[in-house]
Amino acid sequence: MTATLVLPGSAQGPVLAADEPLSFWGGVDPATGTVIDVHHPLAGQCLTGAVLVLPDILDDAEFATSPLVTGGPRARFYAGVPLALSDGLPLGTLCLIDTVPRDDFDATRVAQLRDLGTVVEAHLRLTVAQRASQIERAERQRTEVLLAAKAADLKLVVEAQRMTESVAHIGYWRIHARARTVSWSEGLCGVFGRPMPPGGEISLDDHLAYYHPDDRAAVSARGEAVAVTVIEVREL
């Protein structure tokens, strides 16, 4: 392999080199930066993260026919560094273009371009993170509004239920099968003529004691059947 010294100086880092020219229009996957030309010696190698410098674009047969060269802005010099988000999604390149060839883009300026690319990526990632945070905050606020509306609706239902109990002198209860307790409503307490139990609940056995002796056994059997079914379903 032969090479020509274009810029004096020194640099460190991995080098990808080949005697054969590489087309960036069809020879490289723009999404991953991988060389996809199976006939090229660098096939399968990744160019992502590398700074591309062309001191004189007309010296490169592949780039010399680019619309940026044949048309406006009549580019003759190019230097570019790839940009990507934190998840590796490629966004494009931060590039420098001049209308005349340049042989003064040394290793220091390559490092400066890379650093500038890092700054640009940081700002882009910050913008994406801020946008995601805004969306999350808006969704959380929407959820809070919905929950507040549901809570208000539930409060109205409870108040309507209490009013119905008071007017019609009725009540309701709710059996908690696993805990073997029963929640009483205020209306039911009035029906039985007793104060609201602590926490609004009494044991299932105490609740069954309010039934007529002739009905107590049948109701207890139905309650036990329901309790066993609920426990089996939850354990599955």
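Residues numbered from 1 in each chain as written. Predicted model: local features only at pLDDT ≥ 70, side-chain atom pairs only at ≥ 80, totals over all residues. Heavy atoms only, no water.

Enquirer: In this structure, what is going on with a nonpolar patch on the surface? I would like to understand it.
Expert: Residues Leu89, Leu91 and Leu124 make up a contiguous nonpolar surface patch of about 240 Å² in total accessible area. On the secondary structure map, Leu89 appears in the loop between β2 (77-84) and β3 (90-98). Given a relative accessible area of 44%, Leu89 falls into the partly exposed group. (Patch = residues over 30% accessible without salt bridge, like charges linked within 9 Å, V, L, I, M, F, W, Y side chains within 5 Å. Areas by Shrake-Rupley, 256 points an atom, 1.4 Å probe, with all protein chains shown as cover. Salt bridge = Lys/Arg side-chain N within 4 Å of Asp/Glu carboxyl O. Helix = DSSP H or I, 4+ residues; strand = E, 2+ residues; numbered from the N terminus. Buried < 20%, exposed > 50% of the residue type's maximum accessible area, 1.4 Å probe, protein only.)

Enquirer: What is the right way to read the sheet that holds β2 from this model?
Expert: Strands belonging to one sheet form pairs held by backbone hydrogen bonds; the direction of such a pair is parallel or antiparallel. Judged by pairing direction, the sheet is antiparallel, and its three strands sit side by side in the order β1-β2-β3 without closing on themselves. Each of the sheet's edge strands pairs with one partner strand only, and the pair in question is β1 (52-54) and β3. Averaged over all pairs of adjacent strands, the angle between strand axes in this sheet comes to 15 degrees, irrespective of strand direction. As paired strands, β2 and β3 are joined by eight bridges and run antiparallel to one another. Bridging across to β3, Tyr78 finds its partner in Ile97. (Pairing = 2+ DSSP bridges. Axes fitted to C-alpha atoms, helices over the stretch in contact; angles between N-to-C directions.)

Enquirer: How should the environment of Arg174 be read in this particular structure?
Expert: Examined against the element boundaries, Arg174 turns out to sit in strand β4 (residues 173-176). Take Arg174: its relative accessible area is 47%, and that puts it in the partly exposed class. For Arg174 and Trp184, which are ten residues apart along the polypeptide, the C-alpha to C-alpha distance reads 6.8 Å. For Arg174, the contacting residues outside a window of four places in its chain are Thr181, Val182 and Ser183. (Contact = heavy atoms within 4.5 Å.)

Enquirer: Sorry if this is basic, but what is going on with the sheet that holds strand β5 (residues 181-184) here?
Expert: On the basis of which strands lie adjacent, the open sheet formed by three strands has the order β4-β5-β6 and antiparallel pairing. At either end of the open sheet lies a strand with only one pairing partner, and these are β4 and β6 (201-203). Each strand axis lies, on average, 25 degrees off the axis of its neighbour in the sheet, ignoring direction.

Enquirer: Is there a simple way to think about helix α2 (residues 107-168) in this case?
Expert: Residues lying three or four places apart along an α-helix face the same way, a consequence of the helix completing one turn every 3.6 residues. Counted at 1.5 Å a residue, the expected span for α2 with its 62 residues is 92 Å, and the 90 Å between its end C-alpha atoms agrees. Looking only at α2, the buried set comprises Val110, Leu113, Gly117, Glu121 and Glu165. On its buried face, α2 sits against β1, β2, β3 and α3 (186-192). Phi turns positive, to about 55 degrees, at His169, one or two residues after α2. (Expected span 1.5 Å × (residues − 1).)

Enquirer: I keep staring at the pattern of salt bridges and nothing clicks. Help me out?
Expert: Opposite charge on two side chains allows them to pair when their charged atoms are near. Tallied over the full model, the rule gives seven salt bridges. The salt bridge involving Asp104 is made with Arg102; its shortest N-O contact spans 3.0 Å. A residue is classified by how much of its surface remains accessible, and Asp104, at 32% relative accessible area, is partly exposed. Classification of Arg102 by relative accessible area gives partly exposed; the value is 28%. Between Asp205 and Arg180 there is a salt bridge, and its shortest N-O distance comes to 3.8 Å. With Asp205 in helix α4 (residues 204-208) and Arg180 in the loop between β4 and β5, this pair connects stretches of sequence that are 25 residues apart.

Enquirer: Explanation requested: the side chain of His207 in the structure shown.
Expert: With respect to the helices and strands, the residue His207 is situated in helix α4. On the accessibility criterion, His207 (2% relative accessible area) is buried.

Enquirer: Help me out: how do you make sense of unusual backbone geometry in this one?
Expert: Trans peptide bonds make up the majority, and among non-glycine residues the majority have a negative phi. The omega torsion across Gly72 and Pro73 is 10 degrees, close enough to zero to call that bond cis. Its identity as a non-glycine residue notwithstanding, Arg74 has a phi of 60 degrees, on the positive side. Even without being a glycine, Arg180 presents a positive backbone phi close to 55 degrees. On the basis of relative accessibility, which here comes to 33%, the residue Arg180 falls in the partly exposed class.

Enquirer: Any chance you could explain the pairing of β2 here in plain terms?
Expert: Along a regular strand, successive side chains alternate from one face of the sheet to the other. Of all eight residues making up β2, seven are buried, and the element is well covered by its neighbours. As defined by bridge partners, β1 adjoins β2 across three bridges and the pair is classed as antiparallel. Each bridged residue has a counterpart across the sheet, and for Leu54 the counterpart in β2 is Tyr78.

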